[in-house]
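So the chains spell out like this:
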Amino acid sequence: MNPVVEQIIGKLIIDPAFRQMFKADRQGTLARYPLTPKERSGLMQFDAQAIEVAVRNLQMSRSVPTESWFW
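Heads up: these notes are all about the structure in this document. (Residues numbered from 1 in each chain as written. Predicted model: local features only at pLDDT ≥ 70, side-chain atom pairs only at ≥ 80, totals over all residues. Heavy atoms only, no water.)

Moving on, we get to the pattern of salt bridges. Throughout the structure, instances matching the rule amount to two salt bridges. Two residues, glutamate 52 and arginine 19, come together in a salt bridge whose shortest N-O distance is 3.2 Å. Remark: arginine 19 occurs in helix H2 (residues 16–24) and glutamate 52 occurs in helix H5 (residues 48–63); sequence separation between them is 33 residues. Relative accessible area serves as the criterion here: at 7%, arginine 19 is assigned to the buried category. A salt bridge links glutamate 52 to lysine 23; the shortest N-O distance between them is 3.2 Å. (Salt bridge = Lys/Arg side-chain N within 4 Å of Asp/Glu carboxyl O. Helix = DSSP H or I, 4+ residues; strand = E, 2+ residues; numbered from the N terminus. Buried < 20%, exposed > 50% of the residue type's maximum accessible area, 1.4 Å probe, protein only.)

When the terminal C-alpha atoms of helix H1 (residues 3–14) are compared, their 16 Å separation across twelve residues agrees well with the 16 Å that a helix rising 1.5 Å per residue should span. Listed as buried for H1 are Val4, Val5, Ile8 and Leu12. Buried residues along H1 cover an arc of 105 degrees about the axis, so they all sit on one side. Exposed residues pointing more than 90 degrees away from the buried face of H1 are listed as Pro3 and Ile14. (Expected span 1.5 Å × (residues − 1). Arc of directions from axis to C-beta.)

This next bit is on the packing of aromatic side chains. Scanning all chains against the criterion turns up one aromatic pair. Seen from their ring centres, phenylalanine 18 and tyrosine 33 are 6.4 Å apart, and the 90 degrees between their planes marks the pair as edge-to-face. Of the two residues, phenylalanine 18 sits in helix H2 while tyrosine 33 sits in the loop between helix H3 (26–31) and helix H4 (37–44), which places them 15 residues apart along the sequence. Of the two residues examined, phenylalanine 18 and tyrosine 33, each falls in the buried class. (Phe/Tyr/Trp six-rings, centres within 6.5 Å; stacked < 30°, edge-to-face > 60°.)

Quick look at the nonpolar core now. As a rule of thumb, soluble globular proteins bury nonpolar side chains together. The biggest cluster of nonpolar side chains holds twelve residues, and these are Val4, Val5, Ile8, Leu12, Phe18, Phe22, Leu30, Tyr33, Leu35, Leu43, Ile51 and Val55. Elements that contribute at least two residues to this core include exactly H1, H2 and H5. It is H1 that provides the largest number of residues to this core, a total of four residues. Among residues more than four places away in sequence, those in contact with tyrosine 33 are Val4, Gln7, Ile8, Lys11, Phe18 and Arg40. (Core = buried A, V, L, I, M, F, W, Y, C linked by side-chain atoms within 4.5 Å. Contact = heavy atoms within 4.5 Å.)

Right, here's the structure in full:
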């Protein structure tokens with residue numbers, strides 16, 4: 001996978017401001033990155049709601065101590 005695509009996906013997960021910018025103007029947000037047409041098209045199809053759900057799930061999984069999973 002293109003490291004730039006990985007960077008964008010990572011920013012969508014960890015950076016709330018970037019996520020909001022992406023939701024408000026995907027084309028403008030992606031314009032600053034060197035992407036192939038196929039990569040750009042794939043990122044344009046990301047489901048913004050699914051990203052938010054994934055972020056919330058990650059945050060919740062980090063709030064549960066792993067020790068409690070086994071005892």
